[in-house]
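# Remarks on the overall topology
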Amino acid sequence: MVKLSLELIARATSGYTKKKKDETLPQFVGRLTHIYLENKNIDDVGDCLSLCRNLTVLYLYDNHLNNIPCLANSSGLTHLYLQNNNISIIEHLSSLQHLQKLFIGGNTITVVEGLEKLDKLQELHIENQRLPIGEQLLFDPRTLQALGTNLQVLNVSGNHLTSLSDLKQLPNLTHLMAAENELNDMKELTQLLVLWTFLTKLDLSGNPLCQRTKYKDRVIVLGKNLEMLDGKSITDTARQFLVNWQANRDENRKKLEEIRIREDSFASFPNTYTGTELPPLKSIPTRLKGVGGYIMPGMQRRQFDEILAKSSVTDNDKPRNGILRAKFPPIREKSLMSPREPTLFLFELY
């Protein structure tokens, strides 16, 4: 194990910054902006970093740190890399008012907390925490509320998450990595995609949710600005095809619903027709008093006359001009007419 020293810090530069001849070691360390201390087996930072007043980027990943070092004098820090250590609590960061990117994945953190003062934080990478068996990563609502305005990139992959509902407080997300979790609620995802209107990159690979029918199609349609899903680019052609498919599906569903409503309305009327008898024929008055008759419902008298004339005329009786109409004979006295005597019709050419 290694304890951090000024000599180690002085050697952890990019090569572009070199110590001047008349410069002391504390002075040299005090003007460094980038320090590369990754994979140095460091387990104790001590007070050496307190001299790094101009620090903007600090690499401390792949070490053996049990705590986040105190960086109160490095208020200008913008990038902090602490992946793959043994850190269990997020602390000592409230003074980093300019921190934009925090990489703290691969530790033993169980709760995302202690970030309420970081109102400029844009990226939070807290993936693959070594959690106790049966537990999942938790989110402090106060931290999420504080990060809601500025946080754009969030990586919570590999943290045994069963729900993303807490992340609804982050409406400005553009990139969300939540792969290799236990997400399986498509309805919840649908609601969140409506809220995440700026989301362009989404990775849910390795979740049970991905095995759902039409999973990718539904996500692409809902995520109107998505450019990548599960590591694959979304083309404009594919998106337009799916949007049209969804529109047709919604239209067909609407029509089926209208048909169902009409059928339900028809079924609600009382059934008065028994099916044992036909409705009566329509009776109409004849031109001559005393002559009764029936005609098909809805047919005009003129049409009836023409049909009757055409069915009764022979080749020799064909009219020379005009149409043939029925003419009734003179009415006999009631006393001379038999009730069973058939009514005769004569035809004249008009």
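Residues numbered from 1 in each chain as written. Predicted model: local features only at pLDDT ≥ 70, side-chain atom pairs only at ≥ 80, totals over all residues. Heavy atoms only, no water.

Going by what an unreviewed UniProt entry lists, the protein chain is known as Protein phosphatase 1 regulatory subunit 42-like isoform X2 and is assigned to Biomphalaria glabrata.

The next point concerns the overall build of the protein chain. Helix and strand content of the protein chain: seven helices and 16 strands. With 350 residues in all, the protein chain has 34% of them scored as buried. Considering only intrachain contacts with a sequence separation of at least 6, the fraction spanning at least 24 residues in the protein chain is 40%. Accessible surface computed for the protein chain: about 22000 Å², of which carbon and sulfur atoms make up 52%. (Helix = DSSP H or I, 4+ residues; strand = E, 2+ residues; numbered from the N terminus. Buried < 20%, exposed > 50% of the residue type's maximum accessible area, 1.4 Å probe, protein only. Contact = heavy atoms within 4.5 Å. Areas by Shrake-Rupley, 256 points an atom, 1.4 Å probe, with all protein chains shown as cover.)

L58, L80, L115, L176 and L204 are the most contacted members of the largest nonpolar core, which totals 71 residues. When residues of this core are traced back to their parent elements, those giving at least two are α1 (6-11), α2 (25-30), α3 (141-147), α4 (186-195) and α5 (215-222). Those residues in contact with L176 that lie beyond four places of it in its chain are L154, V156, L164, L167, W196, L199, K201, L202 and D203. (Core = buried A, V, L, I, M, F, W, Y, C linked by side-chain atoms within 4.5 Å.)

Another point: the confidence of the model for the protein chain. Averaged over every residue, the pLDDT of the protein chain is 83; residues scoring 70 or more account for 74%. The low-confidence segment residues 288-292 (pLDDT under 50) makes seven contacts with residues lying over four places distant or belonging to another chain. A low-confidence stretch, residues 333-338 stays under pLDDT 50, and its non-local contacts, those more than four residues away or across chains, total two contacts. (pLDDT = per-residue confidence, 0-100.)

The next thing to look at is the sheet that holds strand β8 (residues 123-125). Overall, mixed pairing links the 10 strands, which are arranged β2-β4-β5-β6-β8-β10-β11-β12-β13-β14 in an open sheet. Strands with a single pairing partner mark the edges of an open sheet, and in this sheet they are β2 (34-36) and β14 (232-233). The sheet contact formed by strand β12 (residues 201-203) and strand β13 (residues 228-229) spans two bridges and is parallel. Bridging from a neighbouring strand, K201 pairs with M228 of β13. (Pairing = 2+ DSSP bridges.)

This part covers the state of the cysteines. Summed over all chains, the structure comprises zero disulfides. For C48, which is in no disulfide, the shortest distance to another cysteine sulfur is to C52 and amounts to 8.3 Å. (Disulfide = S-S within 2.5 Å.)

Once that is clear, we can look at the packing of α4 against α5. Look at α4 against α5: their axes get within 9 Å of each other, and the N-to-C directions meet at 20 degrees. One element, α4, and the other, α5, form an angle in the roughly parallel class. For α4 against α5, the interelement crossing comes out right-handed. Facing α4, whose interface residues are M186, L189, T190 and L193, α5 presents Y215, R218, V219 and L222. Tallied by class, residues from the contact of α4 with α5 come to six nonpolar, one polar and one charged. (Axes fitted to C-alpha atoms, helices over the stretch in contact; angles between N-to-C directions. Parallel < 35°, antiparallel > 145°, perpendicular 65-115°, else oblique. Left-handed = near helix turned anticlockwise from the far one by under 90°. Nonpolar A, V, L, I, M, F, W, Y, C, P; charged D, E, K, R; others polar.)

Moving on to the packing of aromatic side chains. Under the definition given, this model contains four aromatic pairs. Relative to Y81, the ring of Y59 has its centre 4.5 Å away and its plane inclined at 15 degrees; by these criteria the two rings are stacked. Residue Y59 is found in strand β4 (residues 57-59), and its partner Y81 is found in strand β5 (residues 79-81); the two are separated by 22 residues along the sequence. For the residue pair Y59 and Y81, the accessibility class agrees, reading buried in each case. In this structure an aromatic cluster arises from ring pairing among Y36, Y59, Y61, Y81 and F103. (Phe/Tyr/Trp six-rings, centres within 6.5 Å; stacked < 30°, edge-to-face > 60°.)

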